[in-house]
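An overview of the molecular structure
So you can see what is in the structure, the chains are spelled out below.
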Amino acid sequence: SQQGEEDPQALSIQEGENATMNCSYKTSINNLQWYRQNSGRGLVHLILIRSNEREKHSGRLRVTLDTSKKSSSLLITASRAADTASYFCATGGNSGYSTLTFGKGTMLLVSP
Amino acid sequence: GAGVSQSPRYKVAKRGQDVALRCDPISGHVSLFWYQQALGQGPEFLTYFQNEAQLDKSGLPSDRFFAERPEGSVSTLKIQRTQQEDSAVYLCASSLAGGGSDTQYFGPGTRLTVL
């Protein structure tokens, strides 16, 4: 079963614009991670935010986490055509090891 | 450096055939995970190994699915008597230790189509 749910399911923007994707989840988490998946390629880890963090930055990426609302957002600033991909949030549980529970993903299309 | 590799990249099987999917994790990574990704969905957890021990197989959909990692490195996911609903991309991931915050590195996946 899928824990997270991304919103929107699909997003189409122009190069240079910002893209915001949201993720909601259901149970308590240890951390939340965002992954990117290009067509025909595997998942690439983008950023991890721990449950005691509220915001994290990595290059053009900004992630926020609101554990009270069980939600997270991923902001990609100054988007590029190469950012075209599906983006998934994944939650890590509280077990000693961390299997990831993924959402259904947001498909982002960045047009030149 | 070498990442996670999987073979074959594509597999077509007739319903009822057995298939074996291979995963080569990053050298030295203790933890290995298998996920199943149906079309248009996010990956779903199948099973987890720490070295050669299979610590969690709660995500395996049926007893037709079997995974092993006998020497704590390469892993094989076997599906017996394949069914059309088994058609999906099977992803393997490895992490250095497998702790709660370890990054998982994913392979490119094996796309299985069952006719």
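Please refer to the structure higher up on the page.
Residues numbered from 1 in each chain as written. Chains lettered and ligands numbered in written order. Predicted model: local features only at pLDDT ≥ 70, side-chain atom pairs only at ≥ 80, totals over all residues. Heavy atoms only, no water.

1. Topic: the packing of aromatic side chains
- Considering all chains together, one arrives at ten aromatic pairs over all chains under this definition.
- Measuring from centroid to centroid gives 6.1 Å for A:Phe102 and B:Phe106, while their planes differ by 80°, and the two rings are edge-to-face. Note that A:Phe102 is positioned in strand S10 (residues 100-102) and B:Phe106 in strand S10 (residues 105-106), a pairing that runs across two chains.
- Note on A:Phe102: relative accessible area 1%, which makes it buried.
- Using a relative accessible area of 9% as the deciding quantity, one classes B:Phe106 as buried.
- For the ring pair B:Phe33 and B:Tyr35, a centre distance of 6.3 Å and an interplane angle of 25° mean the geometry is stacked. No difference in accessibility class separates B:Phe33 from B:Tyr35, as the two residues are buried.
- Within the aromatic cluster, the residues linked to one another by ring pairs are A:Tyr35, A:Phe88, A:Phe102, B:Phe33, B:Tyr35, B:Phe45, B:Tyr48 and B:Phe106. (Phe/Tyr/Trp six-rings, centres within 6.5 Å; stacked < 30°, edge-to-face > 60°. Helix = DSSP H or I, 4+ residues; strand = E, 2+ residues; numbered from the N terminus. Buried < 20%, exposed > 50% of the residue type's maximum accessible area, 1.4 Å probe, protein only.)

2. Some details on the pattern of salt bridges
Residue and element names in this part refer to chain B.
- Summed over all chains, the structure comprises five salt bridges over all chains.
- Between Arg64 and Asp86 there is a salt bridge, with the nearest N and O atoms lying 2.8 Å from each other. In this pair, Arg64 sits in the loop between strand S6 (53-56) and strand S7 (65-68) while Asp86 sits in the loop between strand S8 (75-79) and strand S9 (88-95), placing the two residues 22 residues apart along the sequence. Grouping residues by exposure puts Arg64 and Asp86 together as buried.
- The partner of Glu68 in a salt bridge is Lys78, with the nearest N and O atoms 3.4 Å apart. (Salt bridge = Lys/Arg side-chain N within 4 Å of Asp/Glu carboxyl O.)

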